[in-house]
Amino acid sequence: MTHELRFERLIDATPEAVFDSFTDPGGQAAFYEVDEPGWIVRSECDLRIGGVWTVEFGPSEAELTRHRHVFEIIDRPRRLLLSSTETRLDGSNLDTELEFVFEEQGGETLVTMVHRGFPTAELRDEHRVGLPNAFAQLARVVSAGLQRPKAK
Amino acid sequence: MQHHGATLDRTFFALSDPTRRSILERLAGGPATIGELAAPFGLTLNGVKKHVGILEEVDLVKTAKVGRSRECQLGPAELVDVARWIDSYRHALERRLERFGAYVEARTARDR
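> Let's hear about helix α4 (residues 45-57) of chain B: which residues, and what values?
Residues and elements named next belong to chain B. For α4, spanning 13 residues, the distance from its first C-alpha to its last is 18 Å, which sits close to the expected 18 Å at 1.5 Å a residue. For α4, the set of buried residues is Val-48, His-51, Val-52 and Leu-55. In a view along the axis of α4, the buried residues occupy a sector of 100°, so they form one face of it. For α4, the exposed residues lying more than 90 degrees away from the buried face are Asn-46 and Gly-53. A positive backbone phi angle near 65° is found at Asp-59, which sits one or two residues after α4.

> So what about the sheet that holds strand β2 (residues 61-66) of chain B? Which residues, and what values?
Residue and element names in this part refer to chain B. With antiparallel pairing, three strands are arranged side by side in an open sheet as β1-β3-β2. Whereas interior strands pair on both sides, the edge strands pair on one side only; in this sheet they are β1 (32-33) and β2. In terms of strand pairing, β2 meets strand β3 (residues 69-74) through six bridges, oriented antiparallel. Pairing of Ala-64 across the sheet is with Glu-71, part of β3. Strand contacts of helix α2 (residues 18-28): β1, β2 and β3, with the helix running at about 90° to β3, the strand carrying the most contacts. Sheet strands in contact with α4 are β2 and β3, and its direction is about 120° off that of β2.

> Lay out the pairing of strand β5 (residues 79-87) of chain A in plain terms, naming residues and giving numbers.
Residue and element names in this part refer to chain A. Note that strand β4 (residues 65-75) and β5 share nine bridges and pair antiparallel. Following the sheet pairing, Ile-74 is matched in β5 by Leu-80. In this antiparallel pair of consecutive strands, β4 and β5, the connection spans three residues. In this sheet, strand β6 (residues 93-105) lies alongside β5 in antiparallel orientation, the contact comprising nine bridges. Within β6, the residue paired with Ser-83 across the bridge is Glu-97.

Thresholds applied
- Residues numbered from 1 in each chain as written.
- Chains lettered and ligands numbered in written order.
- Predicted model: local features only at pLDDT ≥ 70, side-chain atom pairs only at ≥ 80, totals over all residues.
- Helix = DSSP H or I, 4+ residues; strand = E, 2+ residues; numbered from the N terminus.
- Expected span 1.5 Å × (residues − 1).
- Buried ≥ 20, exposed ≤ 12 C-beta atoms within 10 Å, placed from the backbone.
- Arc of directions from axis to C-beta.
- Pairing = 2+ DSSP bridges.
- Contact = placed C-beta atoms within 7 Å.
- Axes fitted to C-alpha atoms, helices over the stretch in contact; angles between N-to-C directions.

Quick look at the structure:
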């Protein structure tokens with residue numbers, strides 16, 4: 001049982017253009033870019049089922065986080081499903097799933113991004129009794145992420 | 001993202017195992033001895049001790065000697081740091097989608 005974080009963004013472009021941007025180097029770099037001097041983004045992508053998209057990003061060479069995404073579903077221009085592993089600064093890993101859905105909406109494209117698999121959210125859902133303060137805090141955080149579509 | 005304290009990482013590790021989550025679920029119903037925890041999971045006493053030890057390291061469980069048994073109960077840890085980490089993660093994802101949208105729109109505007 002998992003919980004999910006969901007985000008939406010209406011983009012003024014066709015689903016094909018949005019999908020293709022997400023799978024080209026410029027779009028992938030934009031996804032991980034930060035307005036911070038010296039910010040590093042290194043991305044390599046093998047766009048095929050089972051192919052791997054690796055990204056290293058961070059404020060310096062000594063502080064790089066690494067994301068390894070494996071393409072599980074590629075359904076141009078409608079959907080992408082990736083299994084993702086985040087390798088953090090201390091070498092620990094967090095496995096999650098990332099889904100993108102691209103839907104035409106009035107000449108624009110609604111992008112829905114769903115992030116699944118936080119172990120603590122799973123704990124919250126399964127074990128509502130006990131640790132009440134922690135679960136209340138988690139509920140606040142997760143519901144904040146679900147409360148509204150973020151549209152342009 | 002700056003959110004990786006050692007305790008937080010250990011807490012994530014502790015919560016990442018389904019048996020340990022089940023142990024927490026069991027303890028949410030009340031204290032239990034190591035033996036009482038072992039039975040429903042089909043684990044050895046040493047196996048349960050190992051899981052309980054990992055949970056105890058991050059204060060999700062506390063144990064005390066009661067007679068000849070070791071009794072376990074939920075510990076004092078609150079998952080506030082974990083919740084903060086998820087919050088920062090959520091903001092980072094939100095920003096990524098926003099930046100990507102701006103990139104596509106700028107590119108589309110150039111091509112029109």
